[in-house]
Amino acid sequence: MKPLDRILETAKSAPRHIVLAEGEDPRIVEGAVQAVRAGVASITLVGRRTIVEERLAAVGAGAGEIRIEDPASSLLTPRLTAAYYALRKAKGINEAAADAAVRSPLVFAAMMVREGEADGTVGGAVATTADTVRAALQTIGRAPGVGLVSSFFLMMLCEAHHVKKGAFVFADCGLVVDPDAPGLADIAVMSARSFEALAGKPAKVAMLSFSTAGSAAHERVSKVVEATRLAHAAEPGLVIDGELQFDTAFVEAVSAAKAPQSALHGEANVFVFPNLDAANIGYKIAQRIGGATAIGPILQGLARPANDLSRGCNAADVFHMIAVTVVQAGNR
């Protein structure tokens, strides 16, 4: 079974309620209808009711097939506003500001998740990553014991031209700009857990660098080495190695030549990049030149699932992100 099919089947086995903040966008509506008809999730679309209804009618969605919540008239708005005010008043938010914030679709959707009205939320088709993540952090918040919220892309290599096929995680491609060694270790551990939850098999983590096993000396290399040590100390059972160049982590023959003592043997499935520059460039090259399917950025470390879409997404991307969010909710 292809990795993406496994995620869809897992979501279908235990569908959850997902709220989509950008319910007026045609791509969001089409992806939502796909998810409902595939049995992956029940969906709430947030937006101006008349516009959302027009979008649903345009794709042939029947009345009552998908729930609509318009923050301007929703019966939930007063309760979500009160909860948001209680949450943020220590930060200087007054009641009027809380009301205005909750009428923003991103905040409204995130508050639905916080208050148990939905199991997860997806945004970012229209809003920036910064706005999407800010809404999630300020409302849903971090999971207990988590110091750093990060992100990853689920990279699917399933085409005939892919020499190695399967699901892979690239992190952090969308959020943490330049993590220090402890931050990089946190990203590694969380990415391994995320991979195992979505792919259903053990993680093998490569801590990437321009150096392999001491081939270069630089403070940036030292950061990756220290992060590897910290991650292994935090999770002694985790299969992890670093610092490694990408080819050493991905190709068995190169691993045998460059790092014969590596625990990965060129079979890494989780790739932790040293900074956002490298990670973002790397996933886009894999997607646009390599033909990989890229799902994300998927957030990790939040108390409840909230995920971000690329503004260049299509309806299929929305559908797949809904399925991922359902699986995350089931594993929370």
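Please read all numbers here as calculations on a predicted model, not as lab measurements.

Trainee: Explain the overall build of the protein to me, please; I cannot follow it from the model alone.
Mentor: A count of helices and strands for the protein gives 13 helices and 11 strands. Its C-alpha atoms give the protein a radius of gyration of 20 Å, within 12% of the compact-globule value 20 Å for 332 residues. Counting all 332 residues of the protein, 52% fall into the buried class. The long-range fraction of contacts in the protein, counting pairs at least 24 apart against all pairs at least 6 apart in sequence, stands at 70%. When the accessible area of the protein is evaluated, it comes to approximately 14300 Å², of which 53% is carbon and sulfur surface.

Trainee: Would you mind showing me how to read the sheet that holds strand β5 (residues 150–157) here?
Mentor: The strands making up a sheet associate through hydrogen bonds between their backbones, and the pairing can be parallel or antiparallel. Read from one edge to the other, the open sheet built from 6 strands follows the order β8-β7-β9-β6-β5-β10, with strand pairing classed as mixed. The strands lining the two open edges of the sheet, one partner per strand, are β8 (239–244) and β10 (293–300). Each adjacent strand pair in this sheet contributes to an overall mean axis angle of 20 degrees, direction not counted. Strand direction decides the pairing type here: β5 and strand β6 (residues 166–171), joined by 6 bridges, are antiparallel. The residue of β6 that forms the bridge with Phe152 is Ala171. Against the sheet, helix α1 (residues 3–13) contacts β5, β6 and β10, and its axis sits at roughly 120 degrees relative to β5.

Trainee: Explain the pairing of strand β1 (residues 16–20) to me, please; I cannot follow it from the model alone.
Mentor: Taken residue by residue, a regular strand's side chains alternate between the two faces of the sheet. For β1, the buried fraction is high: 4 of the 5 residues fall into the buried class. The β-α-β motif built from β1, the intervening helix α2 (residues 26–38) and the parallel element strand β2 (residues 41–46) has right-handed crossover chirality. Where β1 meets strand β4 (residues 120–123), 3 bridges bridge the pair, whose relative direction is parallel. What sits directly across from Leu20, in β4, is Val122.

Reading the values: the criteria
- Residues numbered from 1 in each chain as written.
- Predicted model: local features only at pLDDT ≥ 70, side-chain atom pairs only at ≥ 80, totals over all residues.
- Heavy atoms only, no water.
- Helix = DSSP H or I, 4+ residues; strand = E, 2+ residues; numbered from the N terminus.
- Rg over C-alpha atoms; globule rule 2.2 N^0.38 Å.
- Buried < 20%, exposed > 50% of the residue type's maximum accessible area, 1.4 Å probe, protein only.
- Contact = heavy atoms within 4.5 Å.
- Areas by Shrake-Rupley, 256 points an atom, 1.4 Å probe, with all protein chains shown as cover.
- Pairing = 2+ DSSP bridges.
- Axes fitted to C-alpha atoms, helices over the stretch in contact; angles between N-to-C directions.
- Right-handed = clockwise from strand over helix to strand, strands pointing away.

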